[in-house]
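Chain by chain, the residues:
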Amino acid sequence: MGRLLEGFGVGVISYTVPVYIAEIAPQNMRGALGSVNQLSVTIGILLAYTLGMFVPWRILSVLGILPCSILIPGLFFIPESPRWLAKMGKIEDFESSLQVLRGFETDISAEVNEIKRSVASSRRRTTIRFAEIKHKRYSVPLMIGIGLLILQQLSGVNGIFFYAASIFKAAGLKNSNLATCGLGAVQVVATGITTWLTDKAGRRLLLIISATGMTISLLVVSVSFFVKDNIEEASHLHFVMSMLSLAGLVAFVLAFSLGMGAIPWIIMSEILPVNIKSLAGSTATLANWMTSWLITMTASLMLNWSNGGTFAIYAAVSMGTLLFVCLCVPETKGRTLEEIAFSFR
């Protein structure tokens, strides 16, 4: 029951946090602030890895109460999303919330007018019929949002992280728990770099670099395991292949964190039209977690079947991700949420 309730809470937060950040952030800081969400997640993962080496899992579970006890009272001091208030018709609250977020000395009239125009346009059809989803203004952003979040998980990242200790042991590393912590630290550093780069380099470019790096590194890991499993363990080549597979895993985590870790959530929160954001965003989040569950459930079976074969499949998915980004994903850097929504009409 505890796991079920925790899963429910994480499921809600994993969707509402990126959407809330996108709706309150200025357009020139939206990518960086959105990436901070994923950076916080990676820091939490690293803390869990590190503390897990020293304390029993029951104490580790209790320690999870601490950040919650800070978050709950803190939520009473943050303003409501101005765009949500505008959508609900609370115009006075909407303007005061936006003024608080932008600073009392800032002129918000242009942003207020743009949000009002967008809300007025969406109000003409506050609810949409299922048949209308096929229209370009809804179907394209929905396809991009769901596609990115599914492909993020199909790369096998959660399977690799959850079974990192077993993978490191298979690669020939004795202190696999320490190596797992190192992998978590690499993820934190790379996500921190993404936070700095997102509003400078753009989302699309980082996704292309990320998917390319993931494909190459997974291929290296796959080939290393195939070769290593077919040669004598005492040979020098076996040691070289073991080190190469470890380097490939680190490179994969680095490449994933540079783009595919944070940016799919950012883009999902940016491109969905306001009148389908709740339903479409929830659907995209559900698809992400269902795929994560599928990868987690099958990773151990696949690794027992073939280490090299498992990483070859993940590499093929990463290649598909690269093609999807190149063909379908637009650049959203430097555009307001209203401009992004209008571009799909």
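Residues numbered from 1 in each chain as written. Predicted model: local features only at pLDDT ≥ 70, side-chain atom pairs only at ≥ 80, totals over all residues. Heavy atoms only, no water.

## Concerning the overall build of the chain
Regarding its fold elements, the chain presents 17 helices and zero strands. Since a compact globule built from 345 residues should have a radius of gyration of about 20 Å, the 22 Å found for the chain is in line with a globular shape. Based on the C-alpha atoms only, the size of the chain along its principal axes is roughly 75 × 45 × 40 Å. Here the chain, with 345 residues, has 44% of them falling under the buried criterion. Considering only residue pairs separated by 6 or more positions, the chain has 78% of its internal contacts joining residues 24 or more positions apart. If you sum the accessible surface of the chain, you get close to 17,600 Å²; carbon and sulfur atoms cover 70% of it. Charge centroids of the chain, computed over 26 positive and 19 negative side chains, lie 6 Å from each other. (Helix = DSSP H or I, 4+ residues; strand = E, 2+ residues; numbered from the N terminus. Rg over C-alpha atoms; globule rule 2.2 N^0.38 Å. Buried < 20%, exposed > 50% of the residue type's maximum accessible area, 1.4 Å probe, protein only. Contact = heavy atoms within 4.5 Å. Areas by Shrake-Rupley, 256 points an atom, 1.4 Å probe, with all protein chains shown as cover. Lys, Arg positive; Asp, Glu negative; His and termini not counted. Charge placed at Lys NZ, Arg CZ, Asp CG, Glu CD.)

## Brief notes about the packing of aromatic side chains
Counted by the stated rule, this structure contains four aromatic pairs. A centroid spacing of 6.3 Å and a plane angle of 15° characterise the contact between Tyr-49 and Phe-161, whose relative ring orientation is stacked. One end of the pair, Tyr-49, is in helix 2 (residues 30–52); the other, Phe-161, is in helix 9 (residues 157–162), and 112 residues separate them in sequence. You can call Phe-161 buried: its relative accessible area is 6%. Ring geometry for Phe-311 and Tyr-314: centres 6.3 Å apart, planes at 85°, overall edge-to-face. One end of the pair, Phe-311, and the other, Tyr-314, are both in helix 16 (residues 307–328), three residues apart, so they sit about a helical turn from each other. Each of the two residues, Phe-311 as well as Tyr-314, counts as buried. Every member of this aromatic cluster is reached through a ring pair, and the members are Phe-225, Phe-311 and Tyr-314. (Phe/Tyr/Trp six-rings, centres within 6.5 Å; stacked < 30°, edge-to-face > 60°.)

## Considerations on the layout of surface pockets
With a probe scaled to a water molecule rolled over the atoms, the places where space remains empty come into view. In this structure, the second largest pocket encloses a volume near 390 Å³. Looking at the second largest pocket, it is lined by 22 residues, and the ones nearest its centre are Ser-118, Leu-337, Glu-338, Ala-341 and Arg-345. Listing elements by their share of the lining of the second largest pocket, those giving two or more residues are helix 7 (109–123) and helix 17 (337–343). The residue inventory of the lining of the second largest pocket, partitioned by class, reads eight nonpolar, four polar and 10 charged. (1 Å grid on protein atoms, 1.4 Å probe; cavity = no way out; pocket = protein on both sides within 12 Å on 5 of 7 lines; lining within 4 Å. Points joined across faces, edges and corners; volume = space filled by probe spheres on them. Nonpolar A, V, L, I, M, F, W, Y, C, P; charged D, E, K, R; others polar.)

## Considerations on the pattern of salt bridges
Pairing is possible between side chains of opposite charge, provided their charged atoms come close. Summed over the entire model, instances satisfying the criterion amount to six salt bridges. With a closest N to O distance of 3.1 Å, Lys-116 and Glu-95 form a salt bridge. You can see Lys-116 sitting in helix 7 and its partner Glu-95 sitting in helix 6 (residues 91–102), a full 21 residues away along the chain. For Glu-95, a relative accessible area of 31% puts it in the partly exposed group. Here Arg-203 ties to Asp-199 by a salt bridge, and the two come within 2.9 Å at their closest N and O atoms. For the residue pair Arg-203 and Asp-199, the accessibility class agrees, reading buried in each case. (Salt bridge = Lys/Arg side-chain N within 4 Å of Asp/Glu carboxyl O.)

## Some details on the nonpolar core
If you look at the biggest cluster of nonpolar residues, it comprises 42 residues, and the most contacted ones within it are Leu-148, Ile-160, Leu-207, Ile-267, Phe-311, Tyr-314 and Val-329. Other than its neighbours up to four places away in sequence, Tyr-314 contacts Leu-154, Ser-155, Gly-156, Ile-160, Leu-218, Ile-295, Ala-299 and Met-302. In this structure, Val-19, Tyr-138, Met-268 and Ile-276 belong to the second largest nonpolar core, which totals 11 residues. (Core = buried A, V, L, I, M, F, W, Y, C linked by side-chain atoms within 4.5 Å.)

## Brief notes about helix 1 (residues 2–24)
Under the 1.5 Å per step criterion, the end-to-end length of helix 1 is 32 Å for 23 residues, consistent within 8% with the ideal 33 Å. Those residues of helix 1 that sit buried are Ser-14, Tyr-15, Pro-18, Val-19, Ile-21, Ala-22, Glu-23 and Ile-24. Along its buried surface, helix 1 packs onto helix 2, helix 5 (82–87), helix 6, helix 14 (263–271), helix 15 (277–305) and helix 17. (Expected span 1.5 Å × (residues − 1).)

## Some details on the side chain of Thr-291
Among the structural elements, Thr-291 can be located in helix 15. Within polar-contact distance, the side chain of Thr-291 engages the backbone oxygen of Ala-287 at 2.6 Å. (Polar contact = N/O pair within 3.5 Å; in protein donor to acceptor, adjacent residues only side chain to side chain.)

## A short note on the packing of helix 12 (residues 203–228) against helix 14
The contact between helix 12 and helix 14 brings their axes to 10 Å, and the two run at 145°. In terms of crossing hand, the pair formed by helix 12 and helix 14 is left-handed. Only Ile-263, Pro-264, Ile-266, Ile-267 and Glu-270 of helix 14 make contact with helix 12, whose side of the interface consists of Arg-203, Leu-206 and Leu-207. The residue inventory of the contact of helix 12 with helix 14, partitioned by class, reads six nonpolar, no polar and two charged. (Axes fitted to C-alpha atoms, helices over the stretch in contact; angles between N-to-C directions. Left-handed = near helix turned anticlockwise from the far one by under 90°.)

## Some details on the side chain of Arg-30
Positionally, Arg-30 belongs in helix 2. With relative accessibility at 2%, the residue Arg-30 sits in the buried group. Apart from residues lying up to four places away in sequence, Arg-30 is in contact with Ala-22, Ala-25, Asp-199, Arg-203, Glu-270, Thr-332, Arg-335, Thr-336, Leu-337 and Ile-340.

## Examining the packing of helix 11 (residues 176–201) against helix 13 (residues 236–258)
Closest axis-to-axis distance for the helix 11/helix 13 pair is 8 Å, and the angle between their directions is 30°. In terms of their interaxial angle, helix 11 and helix 13 are classed as roughly parallel. Between helix 11 and helix 13 lies a crossing whose hand is right-handed. Side by side, helix 11 and helix 13 meet where Leu-183, Val-186, Gln-187, Ala-190, Thr-191, Ile-193 and Thr-194 of the first sit next to Leu-249, Val-250, Val-253, Leu-254, Phe-256, Ser-257 and Leu-258 of the second. (Parallel < 35°, antiparallel > 145°, perpendicular 65-115°, else oblique.)

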